[in-house]
Every structure is written in C-alpha cells, then in structure tokens.
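Here is what each chain is made of, one letter per residue.
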Amino acid sequence: MPNCISRIRIKNVKGFSNQTFNTEIIANKLHIFVAPNGFGKTSFATAFNSLNRNRIDLDEKKTHRCNISKKPEIELDYNADSEVTTYKATEKSNTISGIFDIFVIKSRLESHAQRQNHGRYSTAIASMRIKPITLINTIPPLRSFTYSIRTIRNVFGANANKLILNISPILNNKEVICYLDSVINWHELSLKRTLIIFDDILNQSREINGSKDYIVEKLQTTCLPNIESNLTIKNAIDHIVTSCNITSRMEAFFVLWQLNYLKLHDSNFSSVLKYYEFCILKEQYTKTIQDFNSSWNNIEPKKLGQSLVVSFPEADYMSNGQRDLLSFVLLLKKAEQHFKKEKCILIIDEIFDYLDDANLVAFQYYISKFIQDFKSQKRELYPILMTHLDPMLFAHFRLNGYKTHYLDDRKFSDSLHLLKLIKERSNDKIKDFVDHYLFHYDPEPAERSTEFLSLGIKKNFSDTATFHPLIIKEVKQYLNGQPADPFAVCIATRVRIEKNACDQLSTPELKREFITTHETIKKLEFCLKKGVEIPEIYFLLSIIYNSTLHATDKNAETIAKQLLRNLTNITIKNMIASLFPEFKEER
C-alpha cells in the first residue's frame, strides 16, 4: 500500500465543530475534494493555514461560531508501510509541522472599504481588490565576494601565475555559483583529511618546473588518480567541468581549491549566495508574470520595505481567470521555495472556478509538473484541491490519475433498483422503448415485459402504467424529506416538464411532433417557436433532468452522488416542488 494520509479531523475551526474525513490521500497524486457551497471547504483550508511551527495560531473570528472557549485542534493519521502514526496540533503544541511542510493557496480577492469625508459626515465606498502577494519576506542585503586574484596567487605560491585562473567570471555568474553551492559537499571539503589532499597537491604543483601545459600534464599523470580517489573532490570537479566550460580536470581542481578557500576564509561567502538566490528568484518571478499576464496591466515584483511584493490592479481591471491563474502560478512557485521537508501538504482552495478551457489546461500542466518534481526527488507531496465543481463536468480536465473525493457523502437510495435499468438501457432489446416511453413523456401506454424479464429487470419497469407511478412516489418522498432515488426524481422531473409543455400545444399534430423531438431542451425550444410560454424554471432545472442517465459499474455511484448533491439544494427542491402541486398539502 502506498504511503497516504488516511484520516483528517478538524475541531472548532469556522464551520467545523468536529469534522472527520476518513479518506485515503495518496502521495504524489492530485486529490480533488468536491463539496457544495457552505459545506466547509474554506474551513478546511483555514485550519491548515493556521498552523505554524509550534502550534495552531487561529484568529478568534475564525474559531467555531466565534466562540474562543472552543479550542481548535487538527489531527491526521499518516500511514507508511502499513503503520499508522497520528499527529496532532493544538494551541499549545504541533507535531504535524514537525513532519509536514504545509502551504495553502487561496483566492487573493478581498472586499475593501474606503472612507470619504463630506464635512459633517462621512461615507464608505466598497470595492473588491486583489491582495498583494509577498513573494520573499526578507530581501537579503547586497554583498560581494572578497576575491582578489593577486591575493589568492600569493597564497598559492610558486607557479600560481601558470595554474591559478581568475575565477571572477564564475563568481559573478549567479546561476553557476548557486548551482555549484547546491551540489558541492562543503562540509566534507572542510575536513582535515580532505584539506591534506589539497595541501599535498599544492606542494607538488609548486615543485614542478616548466610551462603551464607541462605542469598540468605532469600533475594529471601523477596526481589526478589520487585526487579522484576522493569521491567528494571527484564529484565537485565533475560539476565544475560541466557548468564552467573547463575541459582540463586539473584546471577544474584548482578552481575548486579557490572556491573552497573562499568558502573557508571569506565571511561574505554565504551572504553573497543568499543575495544571488534572491536575484535568481526575482528573475524567475518576473518571467512568470510576463508569461502569464495576458492583461494590459503592468504587473511586476517590487521591493516594499524589506520584502519583495507583487501588487495587482483593482479587480475591475483584471478578469477573474487572469487573476486566478497568475496568482496560482506565483503562489505555486512560492510553495516550491517553502517546501523543504520530505513530506509536504499543498492545499488549493477553489482556484480554478473561473478558468476557461485553455487556462484550466495550464493549471493541470503546472500542478502535474509540480507533482512530478516531487516524484523525481523521491519526496511525498499531498496536493488537495478544494472546489464545489465536479471535474466530471469539465471536458478539458484530463489530468492523469487524479482522485475525486465527495465530502458531502450522502448515501443515495436505490430502493427502486433503477440502476439496473440505466445500465441496461443501451441494450437493443429495450433501447428505443426506454428512451421514448420511460425517460421521456409520451401519453400512449406501452410495455415490454418479455424483453425486461429476459434482462433480469423488474417487471413493473416494463410497463408505462406502473413505471411512472413508481417514480412519482419517489418524488413525493424526496419533497417530504425522506430517502428517495435521485434517478427517479430526475426522470420524473423531466417527464413532468415535458408533459406540462406538451399540454399547452394547441393541436394533436403539434403534440405528436413535440413527442418525437429528441432531447428535453429541444422540445421546449419547439414550444417557444410555436408561441407557447415556457416558465424559466423549466430551463433552469436542466441541471437535474439533463443529468446523464448512462451509467456503468464504475461511474454509477459518482453520477448518483452528483445528482443527489444538486437535489439537496433548497432552491432546486422548491423549483421541483412547484412542478408537483399535488403534494403541496402533504409537505
């Protein structure tokens, strides 16, 4: 079993009193948490965003029902090699952040009020603005290497002018010097046993007479095998050869000696590297903004106080999609800098709700690349995307291997066993009958009992005289707050809308043309063309009656739960109730 987070419990955070998520969150796979508005997706993100290194630091206004006496807690179970370990965070302690680095990406949009004074009274003008993103909290001070070729050659001694190159170009190359710093084992090079190797080679170098080429060739023959018996030095030489365009391994060795000397003796060495890393990051952020800023606004990272900050224009001057994608990519880059531990949790709170198809593909590209980077480093990333939108509804959501978790996990009723009928509906024996007489409106009686029995489908589904009363009964249970089959409610809603529309047509010929028209929406459009007034809710309820009634063993439960979530919306329930006035007195 792959490593996973198998349980998350959140107590006393915003809308959560005591909420447990028993769900398998596997490492290095995108997990999409789908839940309706008001369920608590923001509460989930807020809980993790409140974690600092030592404890939960939660704003009093974000405690459950603003009751500060109810102390927040977060608990998670981590399953590795079939052993489960529980980590917990409270206002006094935090074992979660000792194991996991955590980063939360959420919308930067916020309301803002600006007061205007009018003499004896004042007014406030409300607007929406995009919160600036602090890319780097503290900009390191500008520092330079204390490097002098004359000084370094004096330290080396004899033959220095022949063997010691001026490495200023290397030191001034931010990318190269930061790369070398990341791959060279400075600690090992500082140990006495390694320094003895350096000193021995330097002593031999001073004693050889001749031209530069002669000395280098002599050293490569007599000394290089001994040098490269030390793997730390050998690996460092390999990296210098490839990154500094140096062909001679002995020359690379002397470059390494100079770098190591600076590392040991130049007090500015670490500070310079920190400043270089800042410059590289700033350039990366700037390029990212240039690549993704499709608006006309001039957006760039700027120094604000001691921090590097990117500010956005007012919300009215930038589309939701432009804002969301640009802020997401920038925050993902910031998450990359934040994540240092082997195990990391990334929570993305409703980031793709406004993205068009192209930007949705871009989102998938960047999150998949981020996950792949963790895989290649043999690290564990637990990315969780919070949204109210089911990815099944997006034609361009094609990310491979993602897993959807439906948090509002209501159990649907299949008391009628309609799923059996839906799964078999494409069978040639019953296809036309089901499509025409059962799943759409036609007042003519019809039955196919022989065919239904041969497929093992309930007999009372085979006759329109028994099928439609059954699904109407499920609507009654649904409207009365009792368990009901969501597919039955879907079909009954569709049939009732079609019946009501058909009844308004003036002639039998028009009614027959209506009945033979395919698809409910096209039937309603037919009525409009014939001068029939169609209530707007008939179109709005397409979210229910246009639900797919094609299911397999793999997707049936997912489709049912999606339909069930829509049916639990109180406004949708009231709209469906208006179609069935016969149940009004019973509710």
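Refer to the structure above for everything that follows.
The notes below deal with the structure included here. What you see is a predicted model, and the numbers here were worked out from it, not measured in a lab.

All right, on to the overall build of the chain then. Tallying secondary structure elements over the chain gives 26 helices and 15 strands in all. Taking 25 Å as the expected radius of gyration for a compact globule of 587 residues, we find that the chain reaches 34 Å, considerably beyond that expectation. Overall size of the chain, expressed as C-alpha extent along the three principal axes, is 115 × 80 × 50 Å. In the chain, buried positions account for 48% of the 587 residues. Sequence-distant contacts in the chain: of pairs separated by 6 or more residues, those separated by 24 or more amount to 67%. Carbon and sulfur atoms provide 47% of the accessible area of the chain, an area that totals close to 30,000 Å². Distance from the positive charge centre (78 side chains) to the negative charge centre (68 side chains) of the chain: 6 Å.

The interhelical angle for the contact between helix 3 (residues 149-156) and helix 12 (residues 249-265), taken along N-to-C directions, is 105°, at an axis separation of 12 Å. The pairing of helix 3 with helix 12 is recorded here as roughly perpendicular in orientation. Between helix 3 and helix 12, the contacting residues are Ile 149, Ile 152, Val 155 and Phe 156 on the first element and Phe 254, Trp 257, Gln 258 and Tyr 261 on the second. Tallied by class, the residues present in the contact of helix 3 with helix 12 amount to seven nonpolar, one polar and no charged.

Counted by the stated rule, this structure contains 26 aromatic pairs. Arranged with centres 5.8 Å apart and planes meeting at 35°, the rings of Trp 257 and Tyr 261 form a pair that is tilted. Taken together, the residues span about one helical turn, with Trp 257 and Tyr 261 both in helix 12 at a distance of four residues. Taken together, the aromatic side chains of Phe 16, Phe 21, Phe 33, Phe 39, Phe 44 and Phe 48 make up a single cluster linked through ring pairs.

This brings us to unusual backbone geometry. Of note in the backbone geometry, Asn 28 takes a positive phi value of approximately 60° without being a glycine. One can find Asn 28 in the loop between strand 3 (25-26) and strand 4 (31-34). What makes Asn 28 buried here is its relative accessible area of 15%. Even without being glycine, Glu 519 reaches a positive phi, approximately 75°. Tracing the backbone through its elements, the reader meets Glu 519 in the loop between helix 21 (508-516) and helix 22 (520-529). Its relative accessible area of 46% is what places Glu 519 among the partly exposed residues.

Another point: the pattern of salt bridges. Applying the stated criterion to the full structure yields 24 salt bridges. Among the salt bridges present, the one from Asp 101 reaches Lys 341, with a minimum N-O distance of 3.1 Å. Taken together, the residues span a long stretch of sequence, with Asp 101 in strand 7 (residues 100-105) and Lys 341 in the loop between helix 14 (320-338) and strand 13 (343-349) at a distance of 240 residues. Assessed through its relative accessible area of 9%, Asp 101 is described here as buried. The class for Lys 341 is partly exposed, based on a relative accessible area of 27%. Note that Lys 343 is salt-bridged to Glu 342, the shortest N-O span being 4.0 Å. When its relative accessible area of 15% is taken as the criterion, Lys 343 is described as buried. Bridged by salt links that share partners, the residues Arg 7, Arg 9, Glu 73, Glu 75, Asp 77 and Lys 88 form one connected network.

Axis separation between helix 6 (residues 174-183) and helix 13 (residues 269-292) bottoms out at 9 Å; the angle between their running directions is 120°. One finds that helix 6 runs oblique with respect to helix 13. For helix 6 against helix 13, the interelement crossing comes out left-handed. Residues Lys 174, Glu 175, Ile 177, Cys 178 and Asp 181 of helix 6 pack against Phe 269, Leu 273, Tyr 276, Glu 277, Cys 279, Ile 280 and Glu 283 of helix 13. Here the contact of helix 6 with helix 13 is built from residues that sort into seven nonpolar, no polar and five charged.

One open sheet holds the five strands; their spatial order is 7-13-14-4-15, and the pairing between them is parallel. Edge positions in the sheet fall to strand 7 and strand 15 (403-406), since each has one partner strand and no second. Along the sheet, successive strands turn relative to each other by an average axial angle of 20°, direction set aside. As judged from the six bridges shared by strand 7 and strand 13, these two strands associate in the parallel manner. Across the sheet, the residue bridging to Asp 101 is Cys 344, located in strand 13. Against the sheet, helix 1 (residues 41-49) contacts strand 4, strand 7, strand 13 and strand 14 (380-387), and its axis sits at roughly 140° relative to strand 13. Strands in contact with helix 15 (residues 357-376) are strand 13 and strand 14; relative to strand 14, the strand with the most contacts, it is inclined by about 155°.

Time to look at the environment of Gln 504. Tracing the chain through its elements places Gln 504 in the loop between helix 20 (486-503) and helix 21. Spatially, the C-alpha atom of Gln 504 lies 77 Å from that of Ser 182, the residues being 322 residues apart in sequence. If sequence neighbours within four positions are ignored, Gln 504 has contacts with Val 532 and Glu 533.

Moving on: the sheet that holds strand 12 (residues 307-310). Read across the open sheet, the three strands follow the order 10-12-11; overall the sheet is antiparallel. Among the strands making up the open sheet, the edge pair consists of strand 10 (133-136) and strand 11 (301-304). Averaged over all neighbouring strand pairs, the angle between strand axes comes to 45°, with direction disregarded. Across three bridges, strand 10 lies against strand 12 in antiparallel orientation.

Time to look at the pairing of strand 1 (residues 4-13). Counting buried residues along strand 1, eight of its 10 residues qualify, which places the element largely inside the surrounding structure. Sheet topology places strand 1 next to strand 5 (residues 73-80); seven bridges connect them, and they run antiparallel. For Cys 4, the partnering residue across the bridge sits in strand 5 and is Asn 79. Both strand 1 and strand 3 contribute to a ladder of two bridges, which runs antiparallel. Bridged to Ile 5 within strand 3 is Ile 25. Alignment of strand 1 against strand 2 (residues 16-21), held across five bridges, turns out to be antiparallel. Bridge assignment links Val 13 to a residue of strand 2, and that residue is Phe 16. Where strand 1 folds back on strand 2, the antiparallel hairpin that results is connected by two residues, among which Lys 14 adopts a positive phi of roughly 45°.

This brings us to the state of the cysteines. This structure, assessed with the given rule, holds zero disulfides. Of all cysteine sulfurs, the one in Cys 178 lies closest to Cys 244, which takes part in no disulfide; the gap is 13 Å.

Reading the values: the criteria
- Residues numbered from 1 in each chain as written.
- Predicted model: local features only at pLDDT ≥ 70, side-chain atom pairs only at ≥ 80, totals over all residues.
- Heavy atoms only, no water.
- Helix = DSSP H or I, 4+ residues; strand = E, 2+ residues; numbered from the N terminus.
- Rg over C-alpha atoms; globule rule 2.2 N^0.38 Å.
- Buried < 20%, exposed > 50% of the residue type's maximum accessible area, 1.4 Å probe, protein only.
- Contact = heavy atoms within 4.5 Å.
- Areas by Shrake-Rupley, 256 points an atom, 1.4 Å probe, with all protein chains shown as cover.
- Lys, Arg positive; Asp, Glu negative; His and termini not counted.
- Charge placed at Lys NZ, Arg CZ, Asp CG, Glu CD.
- Axes fitted to C-alpha atoms, helices over the stretch in contact; angles between N-to-C directions.
- Parallel < 35°, antiparallel > 145°, perpendicular 65-115°, else oblique.
- Nonpolar A, V, L, I, M, F, W, Y, C, P; charged D, E, K, R; others polar.
- Phe/Tyr/Trp six-rings, centres within 6.5 Å; stacked < 30°, edge-to-face > 60°.
- Salt bridge = Lys/Arg side-chain N within 4 Å of Asp/Glu carboxyl O.
- Left-handed = near helix turned anticlockwise from the far one by under 90°.
- Pairing = 2+ DSSP bridges.
- Disulfide = S-S within 2.5 Å.

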